[in-house]
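Per-entry structural report
This is what each chain is made of:
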Amino acid sequence: MSIIEIRNLTKKFELDGHTITALDGIDLSIEKGDVFGIIGMSGAGKSTLVRSINYLETPTEGDVLIDGENLANLNEKQLRRMRSRIGMIFQNFNLLEQKNVLENVCFPLEVNGVKKKDARKRAKEVLQLVKLSEKEKAYPSQLSGGQQQRVAIARALATNPQILLCDEATSALDPQTTFSILSLLREINETLGITIVIITHQMSVVTEVCKKVAIIDGGRLAETGTVEKIFRNPESDAAKELISGKEIRFTPLSNLDTGRKIRIVFKENSAYEPVMANMILKLQAPVNILKADTRNVGGKAVGEMILGLPEGESIKADIISYLTERGISVTEDFENE
């Protein structure tokens, strides 16, 4: 059952007499209880999209439905009530510096008219959930970045939302802290059943925690599906670029045509066989390993490589055939420049 339904969503801005289309006809469905990633390069329109989900940005065209209710049909009071069901966290935490941790978490409850005693009780509950009870009297300036983001998550959960929107919530954090925040989000999803939408430009974030993903490119929906499916076999140029990244980690040979590339993904049943060595021995075909990496995709370790192939269509076909026969996913003409 879909909790978020986005239909033909278009958002245009007027700037210096010019019309800029930030979103162009987006159709998207997010199921209740899902962890859904929305990923794109900088300027792709993903932040505009997430702000449209709770109508912080009013769409130029199209509809956003939450639990079947069209936000375009709500008056301001009804919209405020709806937003209380949608928590949101940001890259820069947005905590109130003059208030301590407990007061920060109480703030949205008190704004909604909750009695101070009840607000403090609820704040203590969510601080325990994010494992930060011992910091309730500390001020934001006394906390690490990861702790500040945990406070922001607690504040977003205080009103018992059905949906949690995370706009680049880990972009300002180091890798280890990012992992701990993503683990916390996964735990919140599993224990509370909250639908989580994660906006990011990092494929590593998506593969770590999301079940499904939408690729946004130039304001349009380039591709959508399960994370595992898109990671194994990306179809759009935008998905390929986001997966491949720009860093070439290992290039042992320099005399091959690196313009002829394929991407391979090792599934579990092929991860323990020396496929590459066996292929080179059998076909007598050297390949150039442009990139080798292992990622966590849906809780499973998955290996990937970008290979530069030798000259000749025949040997290319033999290589691809050899790999696919062994259950390895192959994407041809994969860019990694």
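Refer to the structure printed above.
Structural notes, computed from the coordinates. (Residues numbered from 1 in each chain as written. Predicted model: local features only at pLDDT ≥ 70, side-chain atom pairs only at ≥ 80, totals over all residues. Heavy atoms only, no water.)

**Regarding the overall build of the protein**
Summing up its helical and strand segments, the protein has eleven helices and 14 strands in all. Structurally, the protein occupies a C-alpha span of about 75 × 50 × 40 Å along its principal axes. Out of the 337 residues belonging to the protein, those deemed buried represent 50%. Long-range pairs, those at least 24 residues apart, make up 70% of the contacts in the protein between residues at least 6 apart in sequence. Each charge class in the protein was averaged separately, 43 positive and 46 negative side chains, and the resulting centres sit 8 Å apart. (Helix = DSSP H or I, 4+ residues; strand = E, 2+ residues; numbered from the N terminus. Buried < 20%, exposed > 50% of the residue type's maximum accessible area, 1.4 Å probe, protein only. Contact = heavy atoms within 4.5 Å. Lys, Arg positive; Asp, Glu negative; His and termini not counted. Charge placed at Lys NZ, Arg CZ, Asp CG, Glu CD.)

**Points about empty space enclosed by the protein**
The final tally for this structure, using the stated rule, is one cavity of 30 Å³ or more. Put simply, the largest cavity is a space of about 30 Å³. If you go around the largest cavity, the residues you meet are Cys166, Glu168, Ala169, Thr170, Leu182, Leu185, Ile198, Ile199, Thr200 and Val205. For the lining of the largest cavity, the secondary-structure elements that each account for two or more residues are helix 6 (175–192) and strand 8 (195–200). With three residues, strand 8 is the largest single contributor of residues to the lining of the largest cavity. Among the residues forming the lining of the largest cavity, the class breakdown is seven nonpolar, two polar and one charged. (1 Å grid on protein atoms, 1.4 Å probe; cavity = no way out; pocket = protein on both sides within 12 Å on 5 of 7 lines; lining within 4 Å. Points joined across faces, edges and corners; volume = space filled by probe spheres on them. Nonpolar A, V, L, I, M, F, W, Y, C, P; charged D, E, K, R; others polar.)

**Some details on the packing of helix 10 (residues 275–283) against helix 11 (residues 313–325)**
Here helix 10 crosses helix 11 at 140°, and the two axes come no closer than 11 Å. Considering their axes alone, helix 10 and helix 11 lie oblique with respect to each other. Regarding helix 10 and helix 11, the two cross each other, and that crossing is right-handed. Here Val275, Asn278, Met279, Lys282 and Leu283 of helix 10 come into contact with helix 11, specifically with Ile315, Asp318, Ile319, Tyr322 and Leu323. Partitioning the contact of helix 10 with helix 11 into residue classes produces seven nonpolar, one polar and two charged. (Axes fitted to C-alpha atoms, helices over the stretch in contact; angles between N-to-C directions. Parallel < 35°, antiparallel > 145°, perpendicular 65-115°, else oblique. Left-handed = near helix turned anticlockwise from the far one by under 90°.)

**Observations regarding the pairing of strand 11 (residues 261–266)**
The element strand 11 is largely enclosed, with a buried count of six among its six residues. Neither face of strand 11 is open: one carries Lys261, Arg263 and Val265, the other Ile262, Ile264 and Phe266, and all of them are buried.

**Observations regarding the packing of aromatic side chains**
Tallied over the full model, the rule gives zero aromatic pairs. Across the ring face of Phe13, the terminal group of Lys11 is positioned such that the distance to the ring centre comes to 5.1 Å. Lying over the aromatic face of Phe231, Arg263 brings its terminal NZ or CZ to 4.7 Å of the ring centre. (Phe/Tyr/Trp six-rings, centres within 6.5 Å; stacked < 30°, edge-to-face > 60°. Lys NZ or Arg CZ within 6 Å of the ring centre and 35° of its normal.)

**Section: the sheet that holds strand 5 (residues 69–70)**
Taken in spatial order, the four strands line up as 2-1-4-5 in an open sheet, and their pairing is antiparallel. The open sheet has two free edges, formed respectively by strand 2 (18–31) and strand 5, since each of these has just one partner strand. Each of strand 1 (2–15), strand 2 and strand 4 (61–66) touches helix 1 (residues 46–53); the most contacted strand, strand 1, lies at about 120° to it. (Pairing = 2+ DSSP bridges.)

**Comments concerning the layout of surface pockets**
Approximately 710 Å³ is the volume attributed to the largest pocket. Lining of the largest pocket is provided by 21 residues; of these, Arg83, Ser84, Ile86, Pro108 and Asn112 occupy positions nearest its centre. Considering only residue class, the lining of the largest pocket consists of ten nonpolar, six polar and five charged.

**Considerations on the sheet that holds strand 3 (residues 35–39)**
Pairing is mixed across the open sheet formed by six strands, whose spatial order is 6-7-8-3-9-10. A single partner strand is all that each edge strand has here, and the edge strands are strand 6 (86–90) and strand 10 (220–226). Taken pair by pair, the neighbouring strands of this sheet meet at an average axis angle of 15°, ignoring direction. The strands that helix 5 (residues 145–157) touches are strand 6 and strand 7 (163–167); relative to strand 6, the one it contacts most, it runs at about 165°.

**Things to note about helix 10**
The α-helix advances 3.6 residues per turn, and as a result positions three or four apart in sequence lie on the same side. Turning to helix 10, its buried residues number three or more, namely Val275, Met276 and Met279. Angularly, the buried residues of helix 10 cover 95° about the axis, an arc narrow enough to put them on a single face. The positive-phi residue at the C-terminal boundary of helix 10 is Gln284, with phi of around 55°. (Arc of directions from axis to C-beta.)

**Remarks on the nonpolar core**
Nonpolar side chains tend to gather and get buried jointly when the protein is soluble and globular. Counting 54 residues, the largest nonpolar core has Ile153, Leu185 and Ile198 as its most contacted members. Looking at this core, the element that brings in the most residues is helix 5, giving six residues. When residues no more than four places from it in sequence are discounted, the contact partners of Ile198 are Val35, Phe36, Gly37, Ile38, Cys166, Leu185, Val205, Val209 and Cys210. Core analysis: the second largest hydrophobic core is formed by 29 residues, Ile26, Ala44, Leu49 and Leu79 among them. (Core = buried A, V, L, I, M, F, W, Y, C linked by side-chain atoms within 4.5 Å.)

**Here we look at the pairing of strand 4**
Taken residue by residue, a regular strand's side chains alternate between the two faces of the sheet. With five bridges joining them, strand 1 and strand 4 adopt antiparallel strand pairing. The partner of Arg7 across the bridge, within strand 4, is Asp63. Note that strand 4 and strand 5 share two bridges and pair antiparallel. Opposite Ile66, over in strand 5, you have Glu69 as the bridge partner. Once strand 4 ends, the chain turns through two residues before running back antiparallel as strand 5, passing Asp67 with a positive phi of about 50°.

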